[in-house]
Amino acid sequence: ERDQDQVGACPGALCAEHLGGSRSPSGLAMSNGSALRVGGDFRQRLRVDPGTAADIAVLRRLAERYAPNGQSFLATPFWPGAYALLERESPMWEIYALFPRPESFEREEIERIEAADPEFALILDIPLDGRDDLRFRNTHPVTYRYIVDNFDPLPGPSNGVYEVYRARNPER
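Definitions and cut-offs
Residues numbered from 1 in each chain as written. Predicted model: local features only at pLDDT ≥ 70, side-chain atom pairs only at ≥ 80, totals over all residues. Heavy atoms only, no water. Helix = DSSP H or I, 4+ residues; strand = E, 2+ residues; numbered from the N terminus. Contact = heavy atoms within 4.5 Å. Areas by Shrake-Rupley, 256 points an atom, 1.4 Å probe, with all protein chains shown as cover. Salt bridge = Lys/Arg side-chain N within 4 Å of Asp/Glu carboxyl O. Buried < 20%, exposed > 50% of the residue type's maximum accessible area, 1.4 Å probe, protein only. Core = buried A, V, L, I, M, F, W, Y, C linked by side-chain atoms within 4.5 Å. Phe/Tyr/Trp six-rings, centres within 6.5 Å; stacked < 30°, edge-to-face > 60°. Lys NZ or Arg CZ within 6 Å of the ring centre and 35° of its normal.

(A) Seen up close, the overall build of the chain. Looking only at helices and strands, the chain features five helices and eight strands. If you list the helices and strands of the chain from N to C, you get β-β-β-β-α-β-α-α-β-α-α-β-β. A separation of at least 24 residues holds for 55% of the contacts in the chain among residues at least 6 apart in sequence. For the chain, the accessible area works out to roughly 9400 Å², and carbon and sulfur atoms hold 49% of it.

Right, here's the structure in full:
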């Protein structure tokens with residue numbers, strides 16, 4: 001049995017073949033899919049590939065453990081659906097943090113993050129389009145440094161895709 005802090009999934013389509021799916025010629029994940037409950041009504045279902053189902057399971061486990069009462073969390077740089085899935089607001093204005101921003105913009109984002117007081121942060125640290133310069137740590141270095149300095153890392157997957165942090169606060 002895995003430790004509950006261990007998060008061992010990789011982003012949706014990126015690892016579908018590792019979880020029983022396959023890829024189409026275009027590179028999109030294909031599978032029979034998994035039906036997941038979405039929203040407050042247990043009858044609402046959404047069919048997703050196994051990799052996405054695993055990602056959602058990771059997100060839900062983190063929220064259940066670290067933000068069980070509707071507290072804020074941070075998922076960046078490109079998972080805005082995480083907030084809708086858990087029925088929470090994004091602490092950041094930029095829900096797709098893909099390209100470099102001025103330091104002044106990043107400082108404003110940090111103010112929004114501080115105001116939201118997220119319990120955990122989930123960063124997908126992958127090179128967008130295979131470009132290392134488009135990793136979150138490189139496009140948003142001030143915000144990334146803020147997270148590293150103010151959150152404690154949690155054990156993560158061996159594939160290194162996710163970086164998961166818990167808010168550093170002695171009262172928590």
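From this point, things continue past the structure.
(B) Here's a closer look at the pattern of salt bridges. Counting across every chain of the model gives 10 salt bridges. Its salt-bridge partner being Arg112, residue Glu109 comes within 2.6 Å of it at the nearest N-O pair. Of the two residues, Glu109 and Arg112 both sit in helix α3 (residues 103–116), three residues apart, roughly one turn of that helix. Judged by relative accessible area, Arg112 falls into the partly exposed class, the value being 30%. Between Arg145 and Asp149 there is a salt bridge, and its shortest N-O distance comes to 3.0 Å. Of this pair, Arg145 and Asp149 both sit in helix α5 (residues 141–150), four residues apart, which is roughly one turn of that helix. Look at Arg145 and you get partly exposed, because its relative accessible area is 43%.

(C) Seen up close, unusual backbone geometry. Residue Thr76 is joined to Pro77 through a cis peptide bond whose omega torsion reads 10°. Looking at the secondary structure, you find Pro77 in the loop between β5 (74–76) and α2 (81–85). Non-glycine residue Glu87 carries a positive phi angle of around 55°. Mapped onto the secondary structure, Glu87 falls in the loop between α2 and α3. Phi is positive for Asp117, which is not a glycine, with a value near 55°. For Asp117, the position within the fold is in the loop between α3 and β6 (120–124). A relative accessible area of 41% means that Asp117 is categorised as partly exposed.

(D) Molecular detail of the nonpolar core. Leu59, Leu62, Phe73, Trp79, Phe120, Leu122 and Ile147 are the most contacted members of the largest nonpolar core, which has 35 residues in total. Those elements that provide at least two residues to this core are α1 (50–66), β5, α2, α3, β6, α5 and β8 (162–167). At six residues, the largest contribution of residues to this core is made by α1. The contact partners of Ile147, leaving out residues within four places of it in the chain, are Leu74, Ala121, Ile123, Phe136 and Tyr165.

(E) Looking closely at the packing of aromatic side chains. With the rule as written, the count across this model stands at five aromatic pairs. Each ring, one from Trp93 and one from Phe105, has its centre 6.0 Å from the other, and the planes form 75°; the classification is edge-to-face. Taken together, the residues span a long stretch of sequence, with Trp93 in the loop between α2 and α3 and Phe105 in helix α3 at a distance of 12 residues. Seen in terms of ring centroids, Tyr146 and Phe151 are 6.5 Å apart; in terms of plane orientation they differ by 75°. Their pairing is edge-to-face. In terms of burial, Tyr146 and Phe151 fall into one category: buried. Taken together through their ring pairs, the aromatic side chains of Phe73, Tyr83 and Phe120 make up a single cluster. When the ring centre of Phe105 is taken as reference, the NZ or CZ atom of Arg112 above it lies at 6.0 Å.

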